[in-house]
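Given next are the chains, with one letter for each unit.
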Amino acid sequence: QLQLVESGGGLVRPGGSLRLSCAASGFTLDNYAIGWFRQAPGKEREGVSCISSSGGHTNYADSVKVRFTISRDNAKNTVYLQMNSLKPEDTAVYYCAASPYCYTHTAGYDVWGQGTQVTVSS
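Residues numbered from 1 in each chain as written. Predicted model: local features only at pLDDT ≥ 70, side-chain atom pairs only at ≥ 80, totals over all residues. Heavy atoms only, no water.

Trainee: It is not clear to me how the packing of aromatic side chains should be interpreted in this structure. Could you clarify?
Mentor: Two aromatic rings, taken as a pair, are described by how far apart their centres are and by the angle between their planes. A full pass over the atoms with the stated rule returns 6 aromatic pairs. Considering the side-chain rings of Phe-37 and Trp-112, the 4.9 Å spacing of their centres and the 50° angle between planes classify their relative orientation as tilted. Of this pair, Phe-37 sits in strand 4 (residues 33-39) while Trp-112 is found in strand 10 (residues 111-112), placing the two residues 75 residues apart along the sequence. For Trp-112, a relative accessible area of 26% translates into the label partly exposed. Centre to centre, the rings of Tyr-95 and Trp-112 are 6.5 Å apart; their planes meet at 75°, and the pair counts as edge-to-face. One end of the pair, Tyr-95, is in strand 9 (residues 92-99); the other, Trp-112, is in strand 10, and 17 residues separate them in sequence. (Phe/Tyr/Trp six-rings, centres within 6.5 Å; stacked < 30°, edge-to-face > 60°. Helix = DSSP H or I, 4+ residues; strand = E, 2+ residues; numbered from the N terminus. Buried < 20%, exposed > 50% of the residue type's maximum accessible area, 1.4 Å probe, protein only.)

This is the structure in structure tokens:
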């Protein structure tokens, strides 16, 4: 089965850091762009970042630009999201998803992970 599995979430203090991982099984990530999305309680899912299949193109939501960095290691079949200077408003379930290209809307992605909880609280 084609699957994406997120990991690395947890509880951190404001200003802290986490690195999320998105690992593929049943397929290789070489030919896919990978997007990160998040969904906070009572809010719709929003795009956070995306990286092209080659890693040559990245984009970020304005709210996370500079603080977050997306990267990929195709040899490990894994995409990462390094999150620094975390704020309480970053609290959400974070999802990764695969598509042929980077899109800003959830409808453009074909395969989704189960999500990992990130909680930023003092």
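Now that the structure is up, let's keep going.
Trainee: Got a minute to help me understand the side chain of Thr-116 in this structure?
Mentor: Here Thr-116 is to be found in strand 11 (residues 116-120). There is a polar contact of 3.2 Å between the side chain of Thr-116 and the backbone nitrogen of Gly-9. (Polar contact = N/O pair within 3.5 Å; in protein donor to acceptor, adjacent residues only side chain to side chain.)

Trainee: I keep staring at the state of the cysteines and nothing clicks. Help me out?
Mentor: Chemically, a disulfide is nothing more than a covalent bond linking the sulfur atoms of two cysteines. Applying the stated criterion across every chain, the model contains 2 disulfides. For Cys-22, the disulfide goes to Cys-96, at an S-S distance of 2.1 Å. Taking the sign of the S-S torsion, 75° for the link of Cys-22 and Cys-96, the bridge is right-handed. Here Cys-22, found in strand 3 (residues 18-25), pairs with Cys-96, found in strand 9; they are 74 residues apart in sequence, far enough to count as distant. (Disulfide = S-S within 2.5 Å.)

Trainee: Would you explain the pairing of strand 7 (residues 68-73) in this entry?
Mentor: It is a general feature of regular strands that their side chains alternate between the two faces of the sheet. Alternating residues of strand 7 divide into Phe-68, Ile-70 and Arg-72, all buried, and Thr-69, Ser-71 and Asp-73, none buried. When strand 7 meets strand 8 (residues 78-83), the two strands line up antiparallel, connected through 6 bridges. Each residue of the ladder has a partner; that of Thr-69, found in strand 8, is Gln-82. The antiparallel hairpin formed by strand 7 and strand 8 contains 4 residues in its connecting segment, where Asn-77 sits at a positive phi of about 55°. (Pairing = 2+ DSSP bridges.)

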